[in-house]
Amino acid sequence: MKKVFNGIANFNATGFKKQFLALAICFSASVAYIDIAQAASPNHNPPALKTSAPHVYIVKRGDTLWDIAGKFLSKPWRWPEIWASNPHVKNPHWIYPGDRLLLCTLNGRPLIGVDQGDGCDGVIRRHQGGTSLKPQIRVESLSNSIPVIPLAHIKQWLEHSIVLAPESLTNIPYIVGAADNRVVTGAGQTVYARGNGLVVGQQYGIYREAAPYILIGADGKKYNAGIELTEVASGVAVGGENNVTTVELTKSYNAEVRRGDYVLPQYEDQLPSLFYPTASNEVTNGGKIIRVQGSIATAASHSVVTVDRGSLQGAKVGQIFSIFQQGEIVRDPKTKEAIKLPSQRVGTLMLFKTFDQLSYGYILDSSLPIKIGAEIQPPNSTDE
């Protein structure tokens, strides 16, 4: 969060230029070529293929990379180990609707690649650096490439939600009123913000404060890990006097502007570019799901949640975690003692946006309703 929000208390309006939302999540070009032996470390065993894994799969519009990986692997996050990268293609990690994926074998290990008309021989040859017998030129829009997850499911939180340290909100301008004494306002209307630092002509976001994230520290004391702000509108500063700035609202986002809402420069954010298994020493142990976005208590597949691990604890965008529901407390029928049952694995999540102390995660799959307090752990590094 420091990279994005450093100096926010001073309200440097020249920063935080908002970029357009990228239209696909795909593997980073920096990992476009992955040597199978290297990718297998520390995963010494090759990824386990599902018994139902197809030998041929035609990519369809609406597919996600996670779903495709799940058709072949019992542990989809190990997909980079079996993907056949083509060093002669600028972005060999991108997959498009209509691509014909072949399940091949190289040195006893599975290898999946795009068929260019020459079968597994061509997939293996290109993966090893050989040239294709039939050079082809392919022009595709990035917007047509297959995303890791459905972007529509996370767009709201990726584009319009942030978590700031409580002290960051000191001296931030806020809405004090609206034209015609309206209580709530939206796009096409005028509001007034009080506070220094707003620049005429600058685009701003209007943010609503949600309940703070109150956690319990190692010392047993409660502390505020961050305040969540949701963008409800955006607008342009058009003038001002006496520490009050006039803002014309240009867009609304599922809510109306109210008095007390904060005014911040629109910020910059990007989609995750790859996912990968998390080494056990990268993220501080003991992470939990502490909030389910859009729900009071439980999450399921495709839900967005907040976890109590951020960049300061080693969290990174794209990391995969297994979700474990805490075992219930039951009474032993013989001894009458209260005993805790083992935790149960109930799903998988991927982090897609991180802050200092917290992160947003997307539930990739779930076998049972996921409750607040469910634990997150790095996935097993090897297949059973």
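Residues numbered from 1 in each chain as written. Predicted model: local features only at pLDDT ≥ 70, side-chain atom pairs only at ≥ 80, totals over all residues. Heavy atoms only, no water.

**Some remarks on the overall build of the chain**
Helix and strand counts for the chain stand at five helices and 24 strands. When each of the 384 residues of the chain is scored for burial, the buried share is 47%. Intrachain contacts of the chain at a sequence separation of at least 6 include 71% that bridge at least 24 residues. Working note: accessible area of the chain is about 19,000 Å², and carbon and sulfur atoms make up 52% of it. (Helix = DSSP H or I, 4+ residues; strand = E, 2+ residues; numbered from the N terminus. Buried < 20%, exposed > 50% of the residue type's maximum accessible area, 1.4 Å probe, protein only. Contact = heavy atoms within 4.5 Å. Areas by Shrake-Rupley, 256 points an atom, 1.4 Å probe, with all protein chains shown as cover.)

**Quick word on the environment of D121**
Examined against the element boundaries, D121 turns out to sit in helix α4 (residues 119-127). With a relative accessible area of 60%, D121 lands in the exposed category. Counting along the chain gives 17 residues from D121 to C104, while the straight-line C-alpha distance between them is 8.7 Å.

**Some thoughts on the state of the cysteines**
Scanning all chains against the criterion turns up one disulfide. One disulfide in the model links C104 with C120; its S-S distance is 2.0 Å. When the S-S torsion is -85°, as for the bridge of C104 with C120, the disulfide is left-handed. One end of the pair, C104, is in strand β2 (residues 100-106); the other, C120, is in helix α4, and 16 residues separate them in sequence. A relative accessible area of 26% means that C120 is categorised as partly exposed. (Disulfide = S-S within 2.5 Å.)

**Describing the sheet that holds strand β3 (residues 109-114)**
Reading across the sheet, the three strands line up as β1-β2-β3 and stay open at both edges, with antiparallel pairing between neighbours. Two strands bound the open sheet, and with one partner strand each, they are β1 (56-58) and β3. Taking each pair of neighbouring strands and ignoring which way they run, the sheet shows an average axis angle of 25°. Across three bridges, the pairing between β1 and β2 is antiparallel. Residue pairing across strands places Y57 opposite L101, the latter belonging to β2. Taken strand by strand, helix α3 (residues 65-72) contacts β1, β2 and β3, and its axis lies near 160° from that of β1. (Pairing = 2+ DSSP bridges. Axes fitted to C-alpha atoms, helices over the stretch in contact; angles between N-to-C directions.)

**Some thoughts on the confidence of the model for the chain**
Do not read the fine detail of predicted coordinates wherever pLDDT is low. For the chain, per-residue confidence averages 82 on the pLDDT scale, and residues scoring 70 or more make up 81% of the total. For the stretch residues 1-43, pLDDT sits under 50, and the model shows 118 contacts to residues farther than four places along the chain or on other chains. Counting contacts from residues 133-141, a segment whose pLDDT is below 50, to residues more than four positions away or on other chains yields six contacts. (pLDDT = per-residue confidence, 0-100.)

**Considering the side chain of T306**
With respect to the helices and strands, T306 occurs in strand β17 (residues 304-307). Classification of T306 by relative accessible area gives buried; the value is 1%. Here the side chain of T306 touches Q293 through a polar contact of 3.0 Å, side chain to side chain. With residues up to four places along the chain from it excluded, the contact list for T306 reads Y213, E228, K288, I289, I290, R291, Q293, L358, S359 and Y360. (Polar contact = N/O pair within 3.5 Å; in protein donor to acceptor, adjacent residues only side chain to side chain.)

**Overview of the pattern of salt bridges**
Should their charged atoms come close, side chains of opposite charge can pair. Inspection of the entire model under this criterion finds eight salt bridges. With a shortest N-O distance of 2.8 Å, R126 and D118 are connected by a salt bridge. Residue class for D118 comes out partly exposed when judged on its relative accessible area of 23%. The closest approach of N and O atoms between D308 and R309, which form a salt bridge, is 3.5 Å. Beyond isolated ion pairs, a larger network of salt bridges with shared partners links D118, R125 and R126. (Salt bridge = Lys/Arg side-chain N within 4 Å of Asp/Glu carboxyl O.)

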